[in-house]
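Residue-level listing of the chains:
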Amino acid sequence: MKQAAVERHPSALAPEAALRARRRRGLAVVGVVAGGLALVAWLLSFGLSRDPQLLRSPLLGRPAPEFALPTLQGDGVVRLSDLRGRVVVLNFWASWCADCRLEHPHLLAAWDRYRERGVVFLGISFEDRRSDALAYLRELGGDWPHLWDPGSSTALAYGVYGVPETFFIGPDGRVAYKQVGPVDYELLTSQIARLLGEVEG
Amino acid sequence: MRGGARAAGVVVATALLAAGAALLAAALRGPDRPRTLEERVREVASGLRCPVCQNLSVADSPSRLAHEMRARIARDLRAGKTEEEVRAEFVRAYGEWVLLEPPRRGLSLLPWLVPGLLLAGGAGVAVALVRRWTGPSRAAGGKAEEVSARGEVPRPAWAEVPGPPPEAGPPEAGPPEGELPPRGLTEEDRRLLEEALLSLGEEPE
């Protein structure tokens, strides 16, 4: 019986090897496609899970860009190169920025702790109206120098994405650390202490 | 004599190719006049990512910072800096993130190469498939394992239905109906086949 069926339809049973080869080839194609998709998914998961703004600043370890800016009140000019040998905390802020209000008390507390130890705090107003910036300072305090940055040229030189951003500049005039987003008291004091240790040590 | 004609043909073809290439180059370079400052600013700005608005170029962003960046590009270009120098200054502050086009080296070479590779791979697959579907020559010289006992190349079902017509006519005029068993299985055949397959599985080996 089996013989009869096979004789009448040889193609029905014959090329079992061909079938197997075909299945193997199909599996290989599916494997390659699945592998490619997995690779793309992996690359995407890697790329999309990182905040592009948190990329390491290229300024770290480099000399901080020089600036000479007038104060907001217009009562003088601050030149970064005059501050060589001191620890500088450079804080970009704006009156319209909610996170700046959040971090302001921390700046005040750190300023109170380190103002007598030669640490320089500098605020730089970012994309703001001068009157709004002055009103903000009257409301929240902070009597370290606040600077006016015409044309945002200093912000551009420091690669500022938005506010608040804070740069810690060592006594050697190099950028030691950059914080994107609000700072808190612990971060301020630990970074300042590290840079002061370099002065004393 | 024939060699001379062929050489002349090669010369003419080369000349035509060269002329075509020169025309293409001229077309790509555009009109030969000094570009205005505005055009140069736009060129630099459109290659820079606006820092405060993730996916707009500095040329397209209405934000105040982008406006100030354009002003600075204009100032630097007017001061005699090249486009490359102006770009490099922004890269020094922001890193390569600020460039909308990834640089063509290192890991960033990948997005430049992968699309081309995929395209080439896809074209290869397409060519291979088309040749497989349309090539009756495969029946004669192709893999023996795909040629069934009746001398037919098995075709996938989807190629069978509307199917491209075979390039050459059927190799031999169809034999009169009835001489060969009709295509497909009759009820009788199916029953026999099932029994055969079952008995294959049952036979102790």
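This text goes with the structure placed above it.
The model shown is predicted, which means the values in this text are computed figures rather than measured ones.

Colleague: Report on the overall build of chain B, specifying residues and quantitative values.
Modeller: Scanning chain B from N- to C-terminus turns up 8 helices and 0 strands. When its helices and strands are written in sequence order, chain B yields α-α-α-α-α-α-α-α. Sorting the 205 residues of chain B into buried and exposed places 10% on the buried side. Summarising the internal contacts of chain B: among those between residues at least 6 apart in sequence, 47% fall at separations of at least 24.

Colleague: I'd like to hear about the overall build of chain A, residue by residue, with values.
Modeller: On a plain count of helices and strands, chain A comes out with 7 helices and 7 strands. When the helices and strands of chain A are listed from N to C terminus, the series reads α-α-α-β-β-β-α-β-α-β-α-β-β-α. Counting only residues that meet the buried cut, chain A has 30% of its 201 residues in that class.

Colleague: I'd like a description of the sheet that holds strand β6 (residues 165-169) of chain A, backed by residues and values.
Modeller: All names here are of chain A. Spatial ordering of the open sheet is given by β5-β4-β3-β6-β7, a layout of 5 strands whose pairing is mixed. The open sheet has two edge strands with one neighbour each: β5 (146-148) and β7 (175-180). When strand polarity is set aside, the average angle formed by the axes of neighbouring strands in this sheet is 20°. Bridge count for strand β4 (residues 120-125) against β5 is 3 bridges, and the pairing is parallel. Directly across from S125, in β5, lies its bridge partner W148.

Colleague: For the pairing of β6(A), give the residues involved together with the corresponding values.
Modeller: Residue and element names in this part refer to chain A. Most of β6 is tucked away: 5 of the 5 residues are buried. Pairing of strand β3 (residues 88-93) with β6, which is carried by 5 bridges, proceeds in the antiparallel orientation. Bridge pairing links N91 to T166 in β6. Examined bridge by bridge, β6 and β7 share 5 bridges and lie antiparallel to one another. Bridge assignment links E165 to a residue of β7, and that residue is V180. Linking two consecutive strands that pair antiparallel, namely β6 and β7, is a turn of 5 residues; a positive phi of about 85° is found at G173 within it.

Colleague: Run through the nonpolar core, naming residues and quoting values.
Modeller: Among soluble globular proteins, nonpolar side chains are generally buried collectively. Core analysis: the biggest nonpolar cluster contains 52 residues, and V89(A), F126(A) and M69(B) have the highest contact counts within it. In terms of residues, this core owes the most to one element, β3(A), which gives 5 residues. Contacts of M69(B), omitting those with residues within four sequence positions, involve L156(A), A45(B), L48(B) and V58(B).

Colleague: Which residues make up the environment of S81(A), and what values do they have?
Modeller: Tracing the sequence through the fold places S81(A) in the loop between β2 (77-79) and β3. For the pair formed by S81(A) and A64(A), sequence separation is 17 residues and the distance between their alpha carbons is 9.4 Å.

Colleague: Please give an account of the packing of helix α2 (residues 37-46) of chain B against helix α3 (residues 64-78) of chain B that cites residues and values.
Modeller: Residues and elements named next belong to chain B. α3 packs onto α2 with a crossing angle of 125° between their chain directions and a minimal axis gap of 9 Å. Regarding the angle of α2 to α3, the classification is oblique. Relative to α3, the crossing made by α2 is right-handed. Contacts between α2 and α3 involve L37, R40, V41, V44 and A45 from the first element and M69, R70, I73, A74, L77 and R78 from the second. For the contact of α2 with α3, the residue count by class is 8 nonpolar, no polar and 3 charged.

Colleague: Give me the packing of α2(B) against helix α4 (residues 83-94) of chain B: which residues, what numbers.
Modeller: All names here are of chain B. The N-to-C vectors of α2 and α4 enclose an angle of 40°; their axes lie 10 Å apart at closest approach. On the basis of their axis angle, the class for α2 and α4 is oblique. Seen from above, α2 lies across α4 with right-handed handedness. On α4, the residues that touch R40, E43 and V44 of α2 are E83, V86 and R87. Taken together, the residues of the contact of α2 with α4 break down into 2 nonpolar, no polar and 4 charged.

Colleague: Outline the environment of P51(B), supporting the account with residue identities and numerical values.
Modeller: Within the element layout of this structure, P51(B) appears in the loop between α2 and α3. On the neighbour-count criterion, P51(B) (24 C-beta atoms within 10 Å) is buried. Residues P51(B) and S61(B), 10 residues apart in the sequence, show an inter-C-alpha distance of 9.8 Å. Look past the residues within four positions of P51(B) in its chain and what remains in contact with it is Y161(A), L65(B), Y94(B) and V98(B).

Colleague: Kindly report on helix α5 (residues 110-134) of chain B, identifying the contributing residues and their values.
Modeller: Every α-helical turn comprises 3.6 residues, leaving residues that sit three or four positions apart pointing alike. Its 25 residues place the ends of α5(B) 36 Å apart at the C-alpha level, agreeing with the 36 Å of an ideal helix rising 1.5 Å per residue. Summarising burial for α5(B): 0 of the 25 residues are buried, a small minority.

Colleague: Lay out unusual backbone geometry with the relevant residues and their values.
Modeller: Residues and elements named next belong to chain A. P164 follows V163 through a cis peptide bond whose omega is 0°. Here P164 lies in the loop between α6 (153-157) and β6. For E127, which is not glycine, the phi torsion reads 50° and is therefore positive. With respect to the element layout, E127 can be found in the loop between β4 and α5 (130-140). In this model, S152 sits at a positive phi of 55°, which is unusual for a non-glycine residue. By the secondary structure assignment, S152 is in the loop between β5 and α6.

Analysis parameters
- Residues numbered from 1 in each chain as written.
- Chains lettered and ligands numbered in written order.
- Predicted model: local features only at pLDDT ≥ 70, side-chain atom pairs only at ≥ 80, totals over all residues.
- Helix = DSSP H or I, 4+ residues; strand = E, 2+ residues; numbered from the N terminus.
- Buried ≥ 20, exposed ≤ 12 C-beta atoms within 10 Å, placed from the backbone.
- Contact = placed C-beta atoms within 7 Å.
- Pairing = 2+ DSSP bridges.
- Axes fitted to C-alpha atoms, helices over the stretch in contact; angles between N-to-C directions.
- Core = buried A, V, L, I, M, F, W, Y, C linked by C-beta atoms within 7 Å.
- Parallel < 35°, antiparallel > 145°, perpendicular 65-115°, else oblique.
- Left-handed = near helix turned anticlockwise from the far one by under 90°.
- Nonpolar A, V, L, I, M, F, W, Y, C, P; charged D, E, K, R; others polar.
- Expected span 1.5 Å × (residues − 1).

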